[in-house]
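Spelled out from the first residue to the last, the chains are:
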Amino acid sequence: MGKSIHNENKEVEFSAIPENARDHSWDAVKPFTIALAGNANVGKSVIFNQLTGSDQIVGNWPGKTVERAQGKLHFEGHHIEVIDLPGIYSFSTFSMEEIVSREYIAFEKPDIVINVVDASVLERNLFFTVQLKEMEVPLILCVNQMDLAKKKGIIIDTDKLQAALGVPVVPTVAVRGEGLHELMDEAVNITQKGAVVKPAALEYGVEVEDRIKRLTSKIDSSDLEFEYPSRWIAIKLLENDPEINKLVASKSPPLVNQSIKLAKEIEKIHQEPSFSVIASERYALANKIAAGAQIQSKMNISFSERLDQIATHRVLGYITAALVVGGLLLWTFIVGTFFSRILSNAFSFFHPVNPQINGTVVAILWNGAFGGIVAGITLIIPFVIPFYLMLTMIENSGILTRVAFMMDSAMHKIGLHGKALIPLILGYGCNVPAIDSTRILETRRERLLATFAITFAPCAARTIVILGLVAVFVSIWWAMALYAIDILIIFILGRLALKVVPGESTGLIMEMHSFKVPTISVVLKQTWTRTKSLIYIVFPIYIIGSAIVQGLYASGILGPISIAMAPLTVEWLGLPVFAGILLIFGAIRKEFILLMLVTFFGLNLASVLTPVQFIVLALIGMLYIPCLATITVLTKEFGWKSAAIISLANFITAIFIGGIAFRILNPFF
Amino acid sequence: MSDNEKISANIEEYLEAIYKLSSNGERVKNTKIAKTLNIAPGSVTQMLKRLDELGYADYSQYKGVKLTENGHKLAKKITRKHRLLERFLYDILKLKKTVIHDQACEMEHSLSDDAERALCQVLEHPDQCPDDSELIPECDLKFTNCDECMKRLNEEVEEVGKRNKNLISILNLKNHQKGKVSFIRGDYKVIRRLLDMGITIGAIISVIKIAPLSGPVEVAVRGSKLAIGRDIACNVFVDIDENKLV
């Protein structure tokens with residue numbers, strides 16, 4: 001293995017490989033590492049999942065806190081570690097993803113980098129390929145989505161591409177698994193025999209190339225040690241890359257001066273800043289390679305484009321956006337409620353769940369634990385599975401970028417741009433990955449604003465509370481109304497947050513990918529992966545938590561705590577006395593509110609709460625304080641101070657809105 | 001047309017008004033100009049005839065008026081000076097929004113090109129005027145972006161030279177209209193992001209769609225589609241001269 005072991009002293013922590021993955025190091029065949037790199041949305045993750053199956057581990061890296069997926073593959077006797085890097089367009093240093101990817105490749109030195117490119121937009125993708133080649137890593141080009149390109153009338157000659165780039169090229173259709181075997185064959189080939197394709201030099205225009213070479217030889221003769229190749233450093237210096245400038249300046253200021261001088265020469269010749277010249281020439285290079293290797297036949301207006309015209313239409317576009325978000329929720333409500341009823345009927349027939357407060361300790365705990373299982377099955381499964389199923393389909397189809405496009409101006413009102421809507425919608429699934437996905441935003445300030453909004457987005461757990469309380473015991477429409485109120489609250493608080501965190505907003509620049517018909521196998525697999533991780537965490541907590549709660553309930557110490565909280569719960573919120581304890585446990589996980597009610601009172605909650613109390617309790621559950629997991633992520637990403645402020649803002653909003661709702665809702669019932 | 005030809009402030013005011021009113025590309029009626037400048041329609045007609053004679057505008061009695069290329073250039077220049085001054089009065093001198101317009105009108109006619117450039121730099125290449133959020137036209141200097149302008153401070157406007165082509169922001173392109181990227185306004189970061197996404201100087205770009213409600217612009221560039229927020233799109237200027245779009 002070796003690769004991951006010799007980097008202990010790096011400032012960036014990439015202790016990526018888990019201990020157990022090293023167990024194979026004494027096997028006869030040497031294990032090796034493959035990193036998947038490329039633009040956003042070219043199918044890297046699909047390839048990753050196809051290769052690694054369900055063996056997926058998600059790694060967290062302290063400090064940089066960037067998540068990247070990592071998994072293992074056993075291929076014809078080889079142990080292969082596969083790393084899925086975030087999707088990026090360039091190795092500039094404007095997003096965390098770009099920095100992390102380039103530092104991973106430079107410091108961690110994977111044995112092979114597979115550059116996944118979208119066959120249907122080859123030129124844009126090759127711009128990144130050129131940069132990867134400059135990093136001088138063992139490279140394989142995986143031309144993915146060949147089917148999509150074909151639909152657009154593009155035919156790609158992979159042999160020509162291979163000759164032009166000087167790296168092995170493998171065409172694939174990853175969603176169907178086509179070409180992946182060949183891809184791995186190629187990877188094994190390289191690790192065993194070294195470079196298998198005749199290398200080709202990718203050179204810039206003569207004025208630029210000449211200066212790159214001069215600077216490269218200066219760097220080579222300076223006996224400075226860099227993790228990056230000299231030519232790459234030279235190019236980045238001429239591009240005036242701030243990070244690399246700093247890095248080189250710390251070791252050798254004259255080198256930086258030299259590069260400034262050379263950059264000026266380029267600028268004099270081209271009448272354009274050197275970074276702009278280099279970007280243009282790099283694109284020209286990508287264009288030349290792409291044009292030489294593909295034939296574009298006459299294009300018909302495809303089905304995807306027709307859909308596009310609807311999804312970005314000035315009227316229909318907004319309707320589509322509303323349908324996507326509203327439809328996702330309504331679908332979850334209706335399907336979820338339906339299955340939840342069936343399942344709870346089945347369970348009450350099988351074993352009526354009733355609270356048990358006397359008897360032996362074991363009996364009490366067992367009863368509690370069983371209640372936890374029932375709550376888990378009747379609440380989580382029916383709602384979460386349909387939700388994730390639909391969310392995955394929406395995510396895979398490409399409709400989200402259209403929604404982001406249409407909602408850009410609305411998002412500007414809360415200091416964000418359209419792309420921020422994507423993490424926000426993901427927040428309806430689970431806040432934790434949604435907060436991680438704010439990495440697609442450009443600045444820390446924007447990530448913080450988006451995260452703040454996300455903590456108010458009712459995740460699946462909060463949905464369960466809303467549904468379990470309001471949809472089941474009041475009406476589906478009141479549940480929908482709560483969501484509408486929630487969106488309004490997000491908007492108002494977003495405006496307020498903007499006042500607190502002033503600063504300039506970054507504008508939207510987003511690639512609009514073609515629509516894709518989601519593949520059933522991919523959708524099912526992703527749905528299962530998401531559901532599974534929730535079940536693994538939630539069920540044990542439910543069962544143990546429920547047993548403990550019942551135990552505490554029976555022991556009689558919950559009463560005094562609830563009474564102490566009565567001024568808040570009873571006076572201000574109009575809830576029963578026992579609500580205090582719901583709120584305390586609800587802070588750990590939102591479903592506990594519902595779970596504890598079921599533990600205490602069985603499934604017929606209508607006998608203990610009025611409709612208004614159901615709504616107030618659901619509102620509080622929806623808004624008050626993020627769950628433990630979310631607070632943990634908040635602290636990790638933004639520090640404890642921001643986490644505390646966000647949690648407090650959540651809490652105050654919840655209590656405020658809850659109290660108001662109690663006062664104005666009564667006449668309706 | 002020589003530079004030393006005297007153009008009265010009055011003419012400039014007219015050009016400015018026509019420039020603003022014809023931003024949709026259509027001819028402007030006399031009555032509209034009269035209303036904007038608060039001048040009797042009779043005198044407006046007289047002045048429009050004079051503009052026609054001077055070669056700044058194309059005027060016909062019933063159809064209204066349209067700027068010629070020369071007139072457009074001049075109108076754009078004076079509009080740029082006006083809007084930059086408004087920003088200066090508002091951002092730096094902290095005057096009230098209600099007074100900046102009239103004040104800028106007074107000052108714009110005497111602002112030199114070097115002062116205009118310096119003002120633009122001090123204000124960090126602003127793109128919108130403060131009172132009505134109208135787009136500030138791009139400068140007419142031979143730069144491809146603002147970073148270059150900042151770096152070549154030692155050269156005066158004379159040395160830099162002027163762009164001889166008329167540029168237009170992609171925000172003002174019609175659907176499916178093409179242009180060649182010629183100037184990007186903004187700081188290094190914005191330019192860098194655009195470059196990385198393929199919007200390089202010289203790239204051919206075409207607008208697919210502009211979202212309603214001040215939404216973003218969808219463009220086609222380098223065989224793929226991008227959504228660009230209005231705040232960035234307004235700073236990407238293209239040359240729409242048909243001959244150069246190869």
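Calculation rules
Residues numbered from 1 in each chain as written. Chains lettered and ligands numbered in written order. Predicted model: local features only at pLDDT ≥ 70, side-chain atom pairs only at ≥ 80, totals over all residues. Axes fitted to C-alpha atoms, helices over the stretch in contact; angles between N-to-C directions. Helix = DSSP H or I, 4+ residues; strand = E, 2+ residues; numbered from the N terminus. Parallel < 35°, antiparallel > 145°, perpendicular 65-115°, else oblique. Contact = placed C-beta atoms within 7 Å. Nonpolar A, V, L, I, M, F, W, Y, C, P; charged D, E, K, R; others polar. Buried ≥ 20, exposed ≤ 12 C-beta atoms within 10 Å, placed from the backbone. Expected span 1.5 Å × (residues − 1). pLDDT = per-residue confidence, 0-100. Pairing = 2+ DSSP bridges. Core = buried A, V, L, I, M, F, W, Y, C linked by C-beta atoms within 7 Å. Domains from an automatic or database assignment.

**Here's the deal with the packing of helix H7 (residues 206-220) of chain A against helix H10 (residues 253-270) of chain A**
All names here are of chain A.
Working step 1: Axis separation between H7 and H10 bottoms out at 10 Å; the angle between their running directions is 175 degrees. The pairing of H7 with H10 is recorded here as roughly antiparallel in orientation. Packed against H7, whose contacting residues are Glu207, Val208, Arg211, Arg214, Leu215, Lys218 and Ile219, the element H10 presents Leu255, Gln258, Ser259, Leu262, Glu265, Ile266 and Ile269 at the interface.
Working step 2: Here the residues of the contact of H7 with H10 are counted per class, giving seven nonpolar, two polar and five charged.

**Some remarks on the environment of B:Leu195**
Working step 1: Looking at the element boundaries, B:Leu195 is found in helix H9 (residues 188-196).
Working step 2: Classification of B:Leu195 by C-beta neighbours within 10 Å gives buried; the count is 27.
Working step 3: For the pair B:Leu195 and B:Ile184, spaced eleven residues apart in sequence, the C-alpha separation works out to 9.9 Å.
Working step 4: Dropping the residues within four chain positions of it, B:Leu195 is found in contact with A:Ser276, A:Ala279 and B:Thr200.

**A few points about helix H6 (residues 180-193) of chain A**
Working step 1: In this model, H6(A) (14 residues) spans 20 Å end to end at C-alpha, consistent with the 20 Å of a helix rising 1.5 Å per residue.
Working step 2: Looking one or two residues past H6(A), A:Gly194 carries a phi angle of roughly 80 degrees, positive in sign.

**A word on the confidence of the model for chain A**
Working step 1: Looking at chain A as a whole, the pLDDT averages 81, with 90% of positions reaching at least 70.
Working step 2: Note on residues 54-66 of chain A: pLDDT under 50 across the span, and 28 contacts to partners over four residues away in sequence or across chains.

**Comments concerning the pairing of strand E2 (residues 64-67) of chain B**
Residue and element names in this part refer to chain B.
Working step 1: Bridge count between strand E1 (residues 57-60) and E2: four bridges; the pairing is antiparallel. Counterpart to serine 60 in the pairing with E2 is glycine 64.
Working step 2: In this antiparallel pair of consecutive strands, E1 and E2, the connection spans three residues.

**Some thoughts on the nonpolar core**
Working step 1: A:Leu36, A:Val470 and A:Ala618 are the most contacted members of the largest nonpolar core, which totals 225 residues.
Working step 2: Top contributing element to this core by residue count: helix H14 (residues 361-397) of chain A, with twelve residues.
Working step 3: Discounting residues that sit within four places of it in the chain, A:Leu36 has contacts with A:Lys44, A:Ile47, A:Phe48, A:Val82, A:Ile83, A:Asp84, A:Leu85, A:Ile114 and A:Val116.
Working step 4: Judged by nonpolar contacts, the second largest core, of 20 residues, contains B:Ile18, B:Tyr59, B:Val65 and B:Ala75.

**Some remarks on the domain arrangement of chain A**
Residues and elements named next belong to chain A.
Working step 1: By domain assignment, chain A separates into domain 1 (5-193), domain 2 (206-296) and domain 3 (316-503 + 521-668).
Working step 2: Tallying the contact residues gives 21 residues for domain 1 and 21 residues for domain 2.
Working step 3: Within the residue set of the side of domain 1 that touches domain 2, elements represented by two or more residues are helix H2 (96-108), helix H3 (122-134), strand E7 (154-156) and helix H5 (158-165).
Working step 4: Examining the composition of the side of domain 1 that touches domain 2, we find that six residues originate from one element, H3, more than from any other.
Working step 5: Here the residues of the side of domain 1 that touches domain 2 sort into 13 nonpolar, three polar and five charged.

**Here we look at the interface of chain A and chain B**
A common way to report how large an interface is uses the accessible area buried once the components associate.
Working step 1: Taken together, the 29 residues of chain A in the interface contact 34 residues of chain B.
Working step 2: When residues of the side of chain A that touches chain B are traced back to their parent elements, those giving at least two are H3, helix H11 (274-293), helix H15 (399-412) and strand E10 (509-511) of chain A.
Working step 3: For the side of chain A that touches chain B, the per-class residue count stands at 14 nonpolar, nine polar and six charged.
Working step 4: Across three bridges, E10(A) lies against strand E7 (residues 224-228) of chain B in antiparallel orientation. From the neighbouring strand, A:Glu511 faces E7(B), where its bridge partner is B:Leu226.

**Quick notes on unusual backbone geometry**
Working step 1: You will see that A:Gln271, though not glycine, has its phi angle at about 55 degrees, which is positive.
Working step 2: Inspection of the secondary structure puts A:Gln271 in the loop between H10 and H11.
Working step 3: Located in the positive-phi region is B:His176, a residue other than glycine, with phi close to 70 degrees.
Working step 4: By secondary structure assignment, the location of B:His176 is in the loop between strand E3 (167-169) and strand E4 (178-184).

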